[in-house]
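Summary of the model geometry
Take a look at the letters that make up each chain.
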Amino acid sequence: MQQKSKLFLQALKYSIPHLGKCMQKQHLNHCNFADHYYSRIKLKKCHLTKCLQNKPKISELARNIPSRSFSCKDFLPIIQENKKPLSENMDAFEKVRTKLETQPQEEYEIINAEVKHGGFVYYQEGCCLVRSKDEEADNDNYEVLFNLEELKLDQPFIDCIRVAPDEKYVAAKIRTEDSEASTCIIVKLSDQPVMEASFPNVSSFEWVKDEEEEDVLFYTFQRNLRCHDVYRATFGDNKRNERFYTEKDPSYFVFLYLTKDSRFLTINIMNKTTSEVWLIDGLSPWDPPVLIQKRIHGVLYYVEHRDDELYILTNVGEPTEFKLMRTAADTPAIMNWDLFFTMKRNTKVVDLDMFKDHCVLFLKHSNLLYVNVIGLADDSVRSLKDGKLVPMTVFHKTDSEDLQKKPLLVHVYGAYGMDLKMNFRPERRVLVDDGWILAYCHVRGGGELGLQWHADGRLTKKLHGLADLEACIKTLHGQGFSQPSLTTLTAFSAGGVLVGALCNFNPDLLRAVTLEAPFLDVLNTMMDTTLPLTLEELEEWGNPSSDEKHKNYIKRYCPYQNIKPQHYPSMHITAYENDERVPLKGIVNYTEKLKEAVAEYAKDTGEGYQAPSIILDIQPGGNHVIEDSHKKITAQIKFLYEELGLDSTSVFENLKKYLKF
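Now for a quick tour of the structure. (Residues numbered from 1 in each chain as written. Predicted model: local features only at pLDDT ≥ 70, side-chain atom pairs only at ≥ 80, totals over all residues. Heavy atoms only, no water.)

**Regarding the overall build of the chain**
Within the chain, the secondary structure is distributed over 13 helices and 34 strands. Of all 661 residues assigned to the chain, the portion counted as buried reaches 57%. Contacts spanning at least 24 positions in sequence make up 61% of the contacts within the chain whose residues lie at least 6 apart. Taken as a whole, the chain presents about 27700 Å² of accessible surface, with 49% of it coming from carbon and sulfur. (Helix = DSSP H or I, 4+ residues; strand = E, 2+ residues; numbered from the N terminus. Buried < 20%, exposed > 50% of the residue type's maximum accessible area, 1.4 Å probe, protein only. Contact = heavy atoms within 4.5 Å. Areas by Shrake-Rupley, 256 points an atom, 1.4 Å probe, with all protein chains shown as cover.)

Dropping the structure here:
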């Protein structure tokens, strides 16, 4: 990065006795793929506001099902045996790092929804779906396929692109800034490309080709955040559109995935802990699907295919971590699964990708990130150490002195087996530039250490995550990182549960809190089965309606249920008017109850007591997936600086480098 804004990833090599945690330096370098990705870096003069338009996948959003995260099948070539020595791979990585670090951060353009098919690259340019020849993808020489403005949507963007096998059609899912609703358009590719059809509320979609060389589009339909129906459609002279499958259990979610070799289309039916997969023959898509294994409670599995064999990533059996198994494609049932590769205990599978002669597994184990390359011809296994990711990660400037007097911003999530995201955001950079310490607490309930790490922080073990968060903050203070009067805490969505609980049980650790779309009323939400996600969430939080043990346990930590007259840190809560995942009503009720408790405590304490600020900022028209707005970012930073009594002049000047005001 530029000299004026170097970041220092501080190695905290202390264990927390209460939790057995360790904190080490993080360093990521995918050296064995660096040469390939060096050629994919695209630098273009543009403002960071373009970066902020890139949307996370639905599977990455809080309070949703854990979804598989296979690598983009179009970007990586078939891996051949890597005969380069490690030093050459490291040199390639250094080239990538040097290229990134010598460019101003505001010049990065993050490419989203880009697909390579045949000799073309399909992507979004401005407000258009376009394609260009692969060798010209970094130039401005492209063909416009469809203008998104024809849909008359407010700030539309392309979320996903799929190209038909013979490139007669391209399908693209279009969304807007302030809604999870989406439209899937189908464009016929010809000398004059034209939109042939559009379908509302599409979640996942894939193309296959039938025996008559006709392109068939399979897609899932989402209603009220629930995705239960699968449709298939054809176009041209033989148009049809029919419902193909309906999932009857409302606690399950359906999504589609096309195997890497395009041989099978998989219908994945899953909730938080259980899955079931059906195969659609990519050569005969009108034939009935084949069930791999009927759902078994607690068993998750995902499927890839190669050379008439299914490779199955599953948690079946002991230990509870994922393992790779395989079976012949014509005998897919669980009794035929043979163990192929096992992961060490406490290992998380980050990603899996299949190639002609290799299977690549990205794994995390014992604070390390590994790339396991499995040679499928001879079953050999090669492991490459690729960096470190730890339970606590701390950033601050290299030249920071007297860290105990520096402001601290702690991040936490701890739910659904999802990792705490540490992606680049402009407000985080300007805070570090202004002397802040940023800490990321990877507590139980998240996914950093595998399935067991998640299991140890859900249902009747949710308090483990709270204990982890409290211990992390105390350890930071004990090792000289800031102090309670300068410590702030932030979280999004389900992370609000742990933040709200900590504010109830140990508010003196904090000075201020910012929450965005926070889940704060766990008990009442989980007892309301009319809400779209309640049934899907039972495996994470429990069922207080039918299980008294779950109900009593939720009462112990639920932020709303445990508000009491006491001193609280100041709080800035951002909520969204049309949020279907975290109902606005619960956030409003929490805020009102908190204000009443604060007022009662201030009255009993008497004159001289400075009551905390409790601010509820309701954003009109937004929902749970709304992208960061400049107004929201500046409001949150302004709140933190005012509460800590800091001068915000320089931070807003720096922020102007990235955002247009």
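**Things to note about helix 11 (residues 584–605)**
Taking 1.5 Å of rise per residue, 22 residues should cover 32 Å, and helix 11 covers 32 Å from first to last C-alpha, within 8% of that figure. Next to the buried residues of helix 11 lie helix 7 (495–505), strand 33 (570–576) and strand 34 (614–619). Positive phi shows up at Gly-606, right after helix 11, with a value of about 100°. (Expected span 1.5 Å × (residues − 1).)

**Some remarks on the sheet that holds strand 19 (residues 290–293)**
Here four strands make up an open sheet; going across it, the order is 16-17-18-19 and the pairing antiparallel. Taken across any chain shown, the strands that pair with only one partner, and hence form the sheet edges, are strand 16 (253–258) and strand 19. Pairwise comparison of adjacent strand axes, ignoring direction, gives a mean angle of 25° for this sheet. (Pairing = 2+ DSSP bridges. Axes fitted to C-alpha atoms, helices over the stretch in contact; angles between N-to-C directions.)

**Let's talk about the state of the cysteines**
Linking two cysteines covalently through their sulfur atoms gives a disulfide. Counted according to the given criterion, the structure contains zero disulfides. Counting only cysteine sulfurs, Cys-128 is the nearest neighbor of Cys-127, a cysteine outside any disulfide, at a range of 6.3 Å. For Cys-441, which is in no disulfide, the shortest distance to another cysteine sulfur is to Cys-472 and amounts to 4.1 Å. Take Cys-441: its relative accessible area is 1%, and that puts it in the buried class. (Disulfide = S-S within 2.5 Å.)

**Considerations on the packing of helix 6 (residues 462–478) against helix 7**
Remark: helix 6 packs on helix 7, axes separated minimally by 10 Å, with the N-to-C direction vectors making an angle of 65°. Considering their axes alone, helix 6 and helix 7 lie roughly perpendicular with respect to each other. Between helix 6 and helix 7 the crossing geometry is right-handed. Across the interface between the two elements, Lys-462, Gly-465, Leu-466, Leu-469, Glu-470 and Ile-473 of helix 6 pack against Leu-498, Ala-501, Leu-502 and Phe-505 of helix 7. Partitioning the contact of helix 6 with helix 7 into residue classes produces seven nonpolar, one polar and two charged. (Parallel < 35°, antiparallel > 145°, perpendicular 65-115°, else oblique. Left-handed = near helix turned anticlockwise from the far one by under 90°. Nonpolar A, V, L, I, M, F, W, Y, C, P; charged D, E, K, R; others polar.)

**Let's talk about the side chain of Thr-274**
Mapping Thr-274 onto the fold places it in the loop between strand 17 (264–270) and strand 18 (275–281). Of note is the side chain of Thr-274, whose polar atom sits 3.4 Å from the side chain of Thr-273. Reaching out from Thr-274, the side chain makes a polar contact with the backbone nitrogen of Gly-298 at a distance of 2.9 Å. Sequence-distant contacts of Thr-274, that is, excluding residues within four places in its chain, are made with Tyr-252, Ile-269, Arg-295, Ile-296, His-297, Gly-298, Val-299 and Leu-300. (Polar contact = N/O pair within 3.5 Å; in protein donor to acceptor, adjacent residues only side chain to side chain.)

**Points about the nonpolar core**
Among the nonpolar cores identified, the biggest contains 78 residues, and Val-410, Leu-469, Leu-489, Val-522, Trp-541 and Met-571 are the most heavily contacted of them. Setting aside its immediate chain neighbours within four residues, Val-410 contacts Ala-439, Cys-441, Leu-469, Ile-473, Leu-476, Thr-487, Thr-488, Leu-489 and Thr-490. (Core = buried A, V, L, I, M, F, W, Y, C linked by side-chain atoms within 4.5 Å.)

**Focus: the pairing of strand 28 (residues 392–396)**
Burial analysis of strand 28 places five of its five residues in the buried class, which makes it a mostly covered element. With four bridges connecting them, strand 28 and strand 30 (residues 437–441) associate as antiparallel partners. Within strand 30, the residue paired with Thr-393 across the bridge is Tyr-440.

**Here's the deal with the pattern of salt bridges**
All told, the structure shown has 28 salt bridges when counted by the stated rule. Here Arg-263 and Asp-281 are joined by a salt bridge, their closest N and O atoms 2.4 Å apart. With a gap of 18 residues between them, Arg-263 in the loop between strand 16 and strand 17 and Asp-281 in strand 18 connect regions that are remote in the sequence. (Salt bridge = Lys/Arg side-chain N within 4 Å of Asp/Glu carboxyl O.)

**Structural notes on the environment of Phe-481**
By the secondary structure assignment, Phe-481 is in the loop between helix 6 and strand 31 (487–492). Between the C-alpha atoms of Phe-481 and Lys-406, which are 75 residues apart in sequence, the distance is 7.5 Å.

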